[in-house]
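# Observations on chain architecture
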Amino acid sequence: NVAEKLQHMRFAPGPGASKVSAKLHGGCRYLADDVDPNLVAPSWMYALEMLKSRTSEPIVLVLVPEVPALQHGQVRCTNPQARRSEQLASLCRQRDIGYVDMTQALVNDYLATGRLSRGFDNGMPGCGHLNAHGHYLLSQQICAYLRAHFADSI
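This is a predicted model, so every value here is computed, not measured. (Residues numbered from 1 in each chain as written. Predicted model: local features only at pLDDT ≥ 70, side-chain atom pairs only at ≥ 80, totals over all residues. Heavy atoms only, no water.)

### A short note on the overall build of the chain
- Secondary structure summary: the chain contains 5 helices and 6 strands in total.
- When the helices and strands of the chain are listed from N to C terminus, the series reads α-β-β-α-β-β-β-α-β-α-α.
- Looking at the chain as a whole, 32% of its 154 residues qualify as buried.
- Restricting to contacts in the chain with at least 6 residues of sequence separation, those with at least 24 account for 53%.
- Carbon and sulfur atoms form 56% of the exposed surface of the chain, whose accessible area is close to 10100 Å². (Helix = DSSP H or I, 4+ residues; strand = E, 2+ residues; numbered from the N terminus. Buried < 20%, exposed > 50% of the residue type's maximum accessible area, 1.4 Å probe, protein only. Contact = heavy atoms within 4.5 Å. Areas by Shrake-Rupley, 256 points an atom, 1.4 Å probe, with all protein chains shown as cover.)

Given below as structure tokens:
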């Protein structure tokens, strides 16, 4: 019950009501699919503009969704936030910010090897932070991005 209660607690000053609803999916909190994208996009645009204003160096965001994940005894290989990911990728392209979506790499690896990229020996498989295998997959994708976009520099 503690985990459920923590999801509703606030740890910041200011108004508590939010126009953006969220839902639980596989133990994680996600933006609900019915949330108007126009409510989320301004926050993302602000964050992207703040990042861009702080450096003249290239910026790359890496999406590492919780896929594959165990859900109700089944392995789920679909990203429940796929629509949001596409929206964020579009905003990044508009602002010349790199974007790497790890979804397909994580799913393809699971289908080929049967190994989950998240979870530790003392935790639930498929949940939590990336494990060593997940970090390896992440490093492969970052290296591939760097080779594709900065081959002259590396």
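After that view of the structure, there is still more to cover.
### Some words on the pattern of salt bridges
- What the rule picks out here adds up to 1 salt bridge.
- For glutamate 49, the salt bridge goes to arginine 95, with nearest N and O atoms at 2.9 Å. Of this pair, glutamate 49 sits in helix H2 (residues 37-53) while arginine 95 sits in the loop between helix H3 (82-94) and strand S6 (98-101); the two residues are 46 residues apart in sequence, bridging distant segments of the chain.
- For arginine 95, a relative accessible area of 17% translates into the label buried. (Salt bridge = Lys/Arg side-chain N within 4 Å of Asp/Glu carboxyl O.)

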